[in-house]
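Now for the letters of each chain:
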Amino acid sequence: MNYQRSSSLFATAKKYIPGGVNSPVRAFKAVGGDPIFVKEAKGAYLYDEDGNKLIDYIASWGPLILGHAHGPVIDAVVEKAKKGTSFGMPTEIETQLAQLAVSMVPNIDKIRFVNSGTEACMSAVRLARGFTGKDKIIKFAGCYHGHSDSFLIQAGSGAVTFGSPNSPGVTQGTARDTLLAAYNDLEGVKALIKANKGELAAIIIEPIAGNMGCVVPTTAFIEGLREVCTQNDILLIFDEVMTGFRLGRGGAQEALGIDADILCFGKVIGGGLPVGAFAARTEIMDYLAPQGPVYQAGTLSGNPLAMSAGLAMLTELNDRPEIFQSLADKTEYLHKGLDRVLSKKEIAYQINRYGSMISVHFTDSPVTDFTSSAKGNNERFKAYFHGMLAKGIYLPPSAFESYFLNDALRYADLDETIKALESLNL
Ligand SMILES: *Cc1c(COP(=O)(O)O)cnc(C)c1O
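Just so we're clear, the structure is a prediction, and the values are computed from it rather than from any experiment.

**Digging into the site of the ligand**
Alright, step 1. Looking at the ligand, the residues that line it are Ser116, Gly117, Thr118, Tyr144, His145, Gly146, Glu206, Asn211, Asp239, Val241, Met242 and Lys267.
Alright, step 2. The contact in question runs from a nitrogen atom of the ligand to an N or O atom on the side chain of aspartate 239, over 2.6 Å.
Alright, step 3. For the ligand, whose unbound accessible area comes to 380 Å², protein coverage reaches 83%.
Alright, step 4. Residue composition of the shell around the ligand, grouped by class: 3 nonpolar, 6 polar and 3 charged.

Pasting the structure below:
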């Protein structure tokens, strides 16, 4: 395949946009080479600027669970746009999407819309702090909650010490309030709680992690987290930006059988337009302005175009919940196919999967947290990524990302993907 035009567009983009992209992972830094510029997409396929057709496994990093340019979503947006794109005044469709989301997700009474998953997580933590009157939070290494200051923190000298920023521009003061634990390590969490008695507002977690590849919590870990949160008056925040409306109508809470205190959404809830949201029971949500003292706002929050896309998307998922099972079945089929092919190649690998999230790691030990995920052989991952790309398969350009299957993928596409892997020399 030829990617000349993409490369030339990238060269021009770099003159005017830092690194040529508006979000770093698009730039192919982890895999090398120039990123591919998309011209259009339909269903499961991307069509790039050089005229190549690619089978898409990222679906815009999750939102497009029904495939690209899905008819009902596009129609809803187009119709809405003709009536004006933003008012800065309340509209009925905000309540319609809120009502539908609240009816689908367990354990929430009210929801507030924002413009991204980042905003959702940032605001959820502020709300948790306001509600509990405490400052500190625990996050898990390898979990991504957007790019706001509180979350760009790594371990420092040990899990029980204060975090240190892992981006310039995040102050030590902010980092001090974010404590870091290892995923699936309940004892580590308990130690942090003990060392910071009475100071913790919240624990935030990706209930099924998707930002260190797909990593599933053990039952003991996730149940234990719920228990220690309740015992210590700590709010449990499920960041369901990835899992919400993807694992099922009720997201990870329903799939795992665990109730969280605050939920964060993004991705699918916006149907491909910029939407995030956070939600909780009334007593917590009513702490938000204008009802309560915790300030949070947005000029374009609840934007009518974004709401119409989200409403069309969630309506279809609510009416046809069999989509979730069908996606999980396709993902399992892909898993088995990749496994069959890789097992013949005599290389170390792990495949992690949950619902319609899946990731391949080139390592011989099980991937259960960030440390084990980071052990993956990145040279082999690069060869895998570029090899698949050359066969027209677009995988996430980083070993730390989950694939997101979409409903438009056919079994023939999955077979083509498995066949492409067969021919690779890894
Ligand atoms: C994508 C993602 C975010 C950030 O959402 P943006 O819309 O990119 O700001 C937060 N949390 C999780 C789990 C995500 O996957």
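Let us keep going from here.
**Digging into the domain arrangement of the protein**
Alright, step 1. For the protein, the domain assignment lists domain 1 (4–69 + 321–422) and domain 2 (71–319).
Alright, step 2. Each of domain 1 and domain 2 was reduced to a C-alpha centroid, and the two centroids are 25 Å apart.
Alright, step 3. Each partner contributes to the interface: domain 1 provides 31 residues, whereas domain 2 provides 33 residues.
Alright, step 4. For the pair domain 1 and domain 2, the summed buried area comes to about 2500 Å², and 68% of that belongs to carbon and sulfur atoms.
Alright, step 5. Between the two partners, domain 1 and domain 2, sit 0 salt bridges.
Alright, step 6. Listing elements by their share of the side of domain 1 that touches domain 2, those giving two or more residues are helix 11 (322–343), strand 13 (350–354), strand 14 (357–361) and helix 12 (370–374).
Alright, step 7. Top contributing element to the side of domain 1 that touches domain 2 by residue count: strand 14, with 4 residues.

**What to know about helix 4 (residues 117–132)**
Alright, step 1. End to end, helix 4 covers 22 Å across 16 residues, agreeing with the expected 22 Å (1.5 Å per residue, within 8%).
Alright, step 2. For helix 4, every residue scored as buried is listed here: Gly117, Thr118, Glu119, Ala120, Cys121, Ser123, Ala124, Val125, Leu127 and Ala128.
Alright, step 3. After helix 4 finishes, the residue glycine 133 shows a positive phi value of roughly 70°.

**Topic: the sheet that holds strand 15 (residues 393–394)**
Alright, step 1. Judged by pairing direction, the sheet is mixed, and its 4 strands sit side by side in the order 1-2-3-15 without closing on themselves. Lying at the two open borders of the sheet, with one neighbouring strand each, are strand 1 (38–42) and strand 15.
Alright, step 2. Pairing geometry for strand 1 and strand 2 (residues 45–48), over 4 bridges, is antiparallel. From the neighbouring strand, lysine 42 faces strand 2, where its bridge partner is tyrosine 45.

**As for the packing of aromatic side chains**
Alright, step 1. Under the criterion given, the structure shown has 14 aromatic pairs.
Alright, step 2. Measuring from centroid to centroid gives 5.1 Å for phenylalanine 131 and tyrosine 287, while their planes differ by 75°, and the two rings are edge-to-face. Linking phenylalanine 131 in helix 4 with tyrosine 287 in the loop between helix 9 (282–285) and helix 10 (304–319), this pair joins segments that are 156 residues apart in sequence.
Alright, step 3. Members of the aromatic cluster, joined through ring pairs, are Phe28, Phe385 and Tyr394.

**What about the pairing of strand 12 (residues 276–280)?**
Alright, step 1. Most of strand 12 is tucked away: 5 of the 5 residues are buried.
Alright, step 2. Neither face of strand 12 is exposed, since Gly276, Phe278 and Ala280 on one face and Ala277 and Ala279 on the opposite face are all buried.
Alright, step 3. When strand 4 (residues 110–114) meets strand 12, the two strands line up antiparallel, connected through 5 bridges. Note on strand 12: the bridge partner recorded for phenylalanine 113 is alanine 277.
Alright, step 4. The pairing of strand 11 (residues 262–265) with strand 12 spans 4 bridges and is antiparallel. Looking at the pairing, phenylalanine 265 lines up with alanine 277 of strand 12.

Calculation criteria
- Residues numbered from 1 in each chain as written.
- Predicted model: local features only at pLDDT ≥ 70, side-chain atom pairs only at ≥ 80, totals over all residues.
- Heavy atoms only, no water.
- Near = heavy atom within 4 Å.
- Polar contact = N/O pair within 3.5 Å; in protein donor to acceptor, adjacent residues only side chain to side chain.
- Areas by Shrake-Rupley, 256 points an atom, 1.4 Å probe, with all protein chains shown as cover.
- Nonpolar A, V, L, I, M, F, W, Y, C, P; charged D, E, K, R; others polar.
- Domains from an automatic or database assignment.
- Contact = heavy atoms within 4.5 Å.
- Buried area = accessible area lost by both parts, 1.4 Å probe.
- Salt bridge = Lys/Arg side-chain N within 4 Å of Asp/Glu carboxyl O.
- Helix = DSSP H or I, 4+ residues; strand = E, 2+ residues; numbered from the N terminus.
- Expected span 1.5 Å × (residues − 1).
- Buried < 20%, exposed > 50% of the residue type's maximum accessible area, 1.4 Å probe, protein only.
- Pairing = 2+ DSSP bridges.
- Phe/Tyr/Trp six-rings, centres within 6.5 Å; stacked < 30°, edge-to-face > 60°.

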